[in-house]
Amino acid sequence: MNKFPYTFDNKRYHTYNYFLKTKYHCKVAKVSLNAGFTCPNRDGTCGTGGCIFCSDSGSGDFAGHVQDSLQKQFQDISSIMRQKWPDCQFIAYFQANTNTYGTVDELKERFEPFVNMKDVVGIAIATRPDCLSDEICDYLEQLSHRCDLYIELGLQTVHDKTAQLIHRGHDYQTFLDGLQRLRQRHLDVCVHIINGLPYETYDMMLETAKQVGQLDIQGLKIHNLYMLKNTALHRLYQQRPFEMLTREQYISLVVDQLQYIPAHVVIERLTGDAPIDALVAPLWSIKKVTILNDIDKLMKEKDTHQGYLL
Ligand code: SF4
């Protein structure tokens, strides 16, 4: 095939590095923050206990410490990154928990200090589709006129049966409604999906990618399911063991899925990032770089690329 266009390093998918370098012409890194929000799937609004895979940190295991101010979190993490990349610019990434679960005033208090902050090129906000009221979306739209704004929207699976099992607290239709409200306002959306959820078949996971590939989205993160100590997922596994994806299955699945994702969609991630101390399984997920290399290798062997089957 001719060289895939959206990469600087011969990959066959639209790399995040390509997107950032083309847009900002410099190294850009995300600084993961914990803004002290909670989650409606934890506080009883739509559920308690959270999604079964979620850790106590609200899936923000690499974010700053919630007891520190956002400014301190940002300074501490960005200065460590600066040691590696002295000229790096940053995206303030509101990662832990549900970052639109609050009043507009509470959101403003957290996000506004990062608009026009030195060395910050944009803001990324992770959230759930059931926390996107018109009022919140109107504020996000207004914010997007003053900074580069990226919304990270959790889906995980298009299959409602699995969503119920993992205690997601919303269905696929709710996700589609939330996405529509964001896109009506021209907000950039990166969707998160997880491969290897309990009892999902290969075909079900492929179907998630096929359906996501037909949506009006700008980015995609594909994670492998990882099981952490002291989570409901770990307890479920101990009571009713389910098959976890092998490394080979995961790599093959990701390659198949990418073929259904349009080439313009930026692939922000192709593996999960588990905190090693708490990881129970799969242990193969620790070696991220080799997984990414083997995805590249298989795409080359099959002479395929992102969007190949569209
Ligand atoms: S929606 Fe996110 S923060 Fe809330 S329980 Fe699920 S994974 Fe955790």
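Please refer to the structure higher up on the page.
A short tour of the structure in this document, coming up. Since this is a predicted model, take the numbers as computed values, not measurements.

Reading the values: the criteria
Residues numbered from 1 in each chain as written. Predicted model: local features only at pLDDT ≥ 70, side-chain atom pairs only at ≥ 80, totals over all residues. Heavy atoms only, no water. Helix = DSSP H or I, 4+ residues; strand = E, 2+ residues; numbered from the N terminus. Buried < 20%, exposed > 50% of the residue type's maximum accessible area, 1.4 Å probe, protein only. Contact = heavy atoms within 4.5 Å. Areas by Shrake-Rupley, 256 points an atom, 1.4 Å probe, with all protein chains shown as cover. Lys, Arg positive; Asp, Glu negative; His and termini not counted. Charge placed at Lys NZ, Arg CZ, Asp CG, Glu CD. Core = buried A, V, L, I, M, F, W, Y, C linked by side-chain atoms within 4.5 Å. Expected span 1.5 Å × (residues − 1). Arc of directions from axis to C-beta. Near = heavy atom within 4 Å. Nonpolar A, V, L, I, M, F, W, Y, C, P; charged D, E, K, R; others polar. Pairing = 2+ DSSP bridges. Axes fitted to C-alpha atoms, helices over the stretch in contact; angles between N-to-C directions. Patch = residues over 30% accessible without salt bridge, like charges linked within 9 Å, V, L, I, M, F, W, Y side chains within 5 Å. Salt bridge = Lys/Arg side-chain N within 4 Å of Asp/Glu carboxyl O. Polar contact = N/O pair within 3.5 Å; in protein donor to acceptor, adjacent residues only side chain to side chain. Left-handed = near helix turned anticlockwise from the far one by under 90°.

**Side note on the overall build of the protein**
A count of helical and extended segments in the protein gives 10 helices and 9 strands. Structurally, the protein occupies a C-alpha span of about 50 × 45 × 40 Å along its principal axes. Taking all 310 residues of the protein together, 56% fall into the buried category. Taking the intrachain contacts of the protein between residues at least 6 apart in sequence as the baseline, contacts between residues at least 24 apart amount to 80%. As displayed, the protein has an accessible area near 14,100 Å², and 50% of this comes from carbon and sulfur atoms. Between the centroid of the 33 positive side chains of the protein and the centroid of its 37 negative side chains there is a distance of 5 Å.

**Observations concerning the nonpolar core**
The biggest cluster of nonpolar side chains holds 66 residues, and the ones touching the most others in it are Phe94, Phe114, Leu140, Leu182 and Leu220. Top contributing element to this core by residue count: helix 9 (residues 247-258), with 6 residues. In terms of nonpolar packing, the next biggest core, distinct from the first, is built from 14 residues, Ile166, Leu197, Phe242 and Ala281 among them.

**A look at helix 6 (residues 172-184)**
For an α-helix the count is 3.6 residues per turn, leaving residues at separations of three or four pointing the same way. End to end, helix 6 covers 18 Å across 13 residues, agreeing with the expected 18 Å (1.5 Å per residue, within 8%). Every buried residue of helix 6 is listed here: Tyr172, Phe175, Gly178, Leu179, Leu182 and Arg183. In a view along the axis of helix 6, the buried residues occupy a sector of 130 degrees, so they form one face of it. Where helix 6 is buried, its residues touch helix 4 (134-144), strand 4 (148-156), helix 5 (160-165), strand 5 (188-195) and helix 7 (202-213). After helix 6 finishes, the residue His186 shows a positive phi value of roughly 60 degrees.

**Concerning the site of the ligand**
Residues in contact with the ligand amount to 10 residues; listed here are only the nearest, Cys39, Gly50, Cys51, Cys54 and Arg128. When grouped by side-chain class, the residues that make up the shell around the ligand number 4 nonpolar, 4 polar and 2 charged.

**Details of the sheet that holds strand 4**
One open sheet holds the 7 strands; their spatial order is 1-2-3-4-5-6-8, and the pairing between them is parallel. Two strands close off the open sheet at either side, each with one partner strand: strand 1 (28-33) and strand 8 (266-269). Ignoring which end each strand starts from, the neighbouring axes of this sheet average 25 degrees apart. In the sheet, strand 4 pairs with strand 5 via 6 bridges, with the strands oriented parallel. The partner of Ile151 across the bridge, within strand 5, is Val189.

**Description of a negative patch on the surface**
A cluster of acidic residues, Asp105, Glu106, Glu109 and Glu135, forms a negative patch on the protein surface. Tracing the backbone through its elements, the reader meets Glu109 in helix 3 (residues 104-111). Exposure remark for Glu109: the relative accessible area of 58% places this residue in the exposed category.

**Examining the side chain of Thr271**
Inspection of the secondary structure puts Thr271 in the loop between strand 8 and strand 9 (279-281). Residue classification places Thr271 among the buried positions, given a relative accessible area of 1%. In this view, Thr271 contacts Ile222, His223, Asn224, Tyr250, Lys288, Ile291 and Leu292; residues no more than four positions away in its chain are not counted.

**As for the pairing of strand 1**
Extensive coverage of strand 1 is indicated by the burial of 6 of its 6 residues. Residues of strand 1 alternate between two faces, with Val28, Lys30 and Ser32 on one and Ala29, Val31 and Leu33 on the opposite face, all of them buried. Bridge analysis of strand 1 against strand 2 (residues 89-94) gives 6 bridges, and the strand direction is parallel. Residue pairing in the sheet places Val28 in a bridge with Gln89 of strand 2.

**Let's talk about the environment of Lys210**
Counting through the fold element by element, Lys210 comes out in helix 7. C-alpha of Lys210 to C-alpha of Glu152: the two residues are 58 residues apart in sequence and 19 Å apart in space.

**Brief notes about the environment of His159**
Take His159: it is sitting in the loop between strand 4 and helix 5. Under the relative-accessibility criterion, His159 is labelled buried at 17%. Once residues within four sequence positions are removed from consideration, His159 is found in contact with Glu200, Met204, Glu207 and Thr208. For His159, the side chain forms a polar contact with the main-chain oxygen of Met204, separated by 2.8 Å.

**Let's talk about the side chain of Gln73**
Tracing the backbone through its elements, the reader meets Gln73 in helix 2 (residues 70-84). A polar contact is formed between the side chain of Gln73 and the backbone nitrogen of Asn34, at a distance of 2.8 Å.

**Here we look at the packing of helix 7 against helix 9**
Across the interface, helix 7 lies against helix 9 with an axial gap of 9 Å and an inter-helix angle of 35 degrees. Two packed elements cross with a definite hand, and for helix 7 against helix 9 that hand is right-handed. Contact residues: Tyr202, Met205, Leu206 and Ala209 in helix 7; Gln249, Ser252, Leu253, Asp256 and Gln257 in helix 9. Here the residues of the contact of helix 7 with helix 9 are counted per class, giving 5 nonpolar, 3 polar and 1 charged.

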